Amino acid sequence: QVQLQESGPGLVKPSETLSLTCTVSGGSITNHFWSWIRQSPGKGLEWIAYIHTNGRSNYNPSLKSRLTTSLDASKNQLSLTLSSVTAADTATYHCARHGNLNRGVDWFDPWGRGTLVIVSS
Amino acid sequence: QSVLTQPPSVSGAPGQRVTISCSGSSSNIGAGYDVHWYQQLPGTAPKILIFADTNRPSGVPDRFSGSKYGSSASLAITGLQAEDEADYYCQSYDPSLSNSYIFGTGTKVIVL
């Protein structure tokens, strides 16, 4: 059973860079798409980005200029960095594996429980 | 950035049937893109409940069902139980938003 565990700094100052890691256990990260999704009280669920070990990726256009994602197959981890953060980036950040029927729209399953990031001075 | 609209809350007594709507547009649900549904119990991560409009993953009770019509979708819960009290989200895809995945605004189901 695949499990995902996010980790992060908890508190980040405005204008600084947020760095998060998602560690996958119970399965390999290869040959799957992985997404980052955040959840905040004011904006609900927001898809951030997806990445695949084959190099394919896509970012939410509203965040693209500040985002970097990567995968480390040797550690079975995915990472996300978000630069120039503001209070609007305060949220619980989840990683999730994509599910699909080889057609149609991917869904997200499973999800990690998420890591809360607060942007505040 | 929620592009799909859901009612903030729905409520029902145990045993009743409730439905949650998910309203999109011609660029997402109306274009035929799949709709998925998630259940989020308090303090936990979202869990897939319905995928590709109408399909239940193994382990999901058949009390949960999904449907799609035009630019909207719906999740129905029949025989409502106390354990169904949770937040529910729909999800789809919209190529007009740079191939973004999109979520609904979320609905709180309250069991009276």
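Everything numeric here is computed off the predicted structure, so don't read it as measured data.

### Quick notes on the pairing of strand E10 (residues 107–111) of chain A
Within a regular strand, side chains alternate between the sheet's two faces.
All names here are of chain A.
Part 1 of the reasoning: Burial runs high along E10: four of the five residues are buried.
Part 2 of the reasoning: With three bridges connecting them, strand E9 (residues 91–99) and E10 associate as antiparallel partners. If you follow His98 over to E10, its bridge partner there is Phe108.

### Some remarks on the pattern of salt bridges
All names here are of chain B.
Part 1 of the reasoning: Inspection of every chain in the model, using the stated rule, returns five salt bridges over all chains.
Part 2 of the reasoning: Across the pair Asp53 and Lys68 runs a salt bridge, and its minimum N-O distance is 3.1 Å. Placement of Asp53 in the loop between strand E4 (47–50) and strand E5 (64–69) and of Lys68 in strand E5 is noted, with a sequence separation of 15 residues between them.
Part 3 of the reasoning: By relative accessible area, Asp53 is classed as buried at 15%.
Part 4 of the reasoning: Residue classification places Lys68 among the partly exposed residues on the basis of a relative accessible area of 28%.
Part 5 of the reasoning: Here Arg63 makes a salt bridge to Asp84, at a shortest N to O gap of 2.6 Å. With Arg63 in the loop between E4 and E5 and Asp84 in the loop between strand E6 (72–77) and strand E7 (86–94), the pair connects residues that are 21 residues apart, well separated along the chain. Each of the two residues, Arg63 as well as Asp84, counts as buried.

### Examining the state of the cysteines
Part 1 of the reasoning: Using the criterion set out here, one finds two disulfides over all chains in the structure.
Part 2 of the reasoning: A disulfide bridge connects Cys22 of chain A with Cys95 of chain A, and the sulfur atoms are separated by 2.0 Å. Because the sign of the S-S torsion sets the handedness, a value of about 70 degrees for the bond joining Cys22 of chain A and Cys95 of chain A places this disulfide among the right-handed ones. Within this pair, whereas Cys22 of chain A is found in strand E3 (residues 18–25), its partner Cys95 of chain A is found in strand E9, the two being separated by 73 residues in sequence. The two residues Cys22 of chain A and Cys95 of chain A agree in class, both being buried.
Part 3 of the reasoning: The disulfide bridge from Cys22 of chain B ends at Cys90 of chain B, spanning 2.1 Å between sulfur atoms. Looking along the S-S bond of the Cys22 of chain B-Cys90 of chain B disulfide, the torsion reads about 80 degrees, which is the right-handed sense. Of the two residues, Cys22 of chain B is situated in strand E2 (residues 18–23) and Cys90 of chain B in strand E7; the sequence distance between them amounts to 68 residues. Each member of the pair, Cys22 of chain B as well as Cys90 of chain B, is classed as buried.

Parameters and conventions
- Residues numbered from 1 in each chain as written.
- Chains lettered and ligands numbered in written order.
- Predicted model: local features only at pLDDT ≥ 70, side-chain atom pairs only at ≥ 80, totals over all residues.
- Heavy atoms only, no water.
- Buried < 20%, exposed > 50% of the residue type's maximum accessible area, 1.4 Å probe, protein only.
- Helix = DSSP H or I, 4+ residues; strand = E, 2+ residues; numbered from the N terminus.
- Pairing = 2+ DSSP bridges.
- Salt bridge = Lys/Arg side-chain N within 4 Å of Asp/Glu carboxyl O.
- Disulfide = S-S within 2.5 Å.

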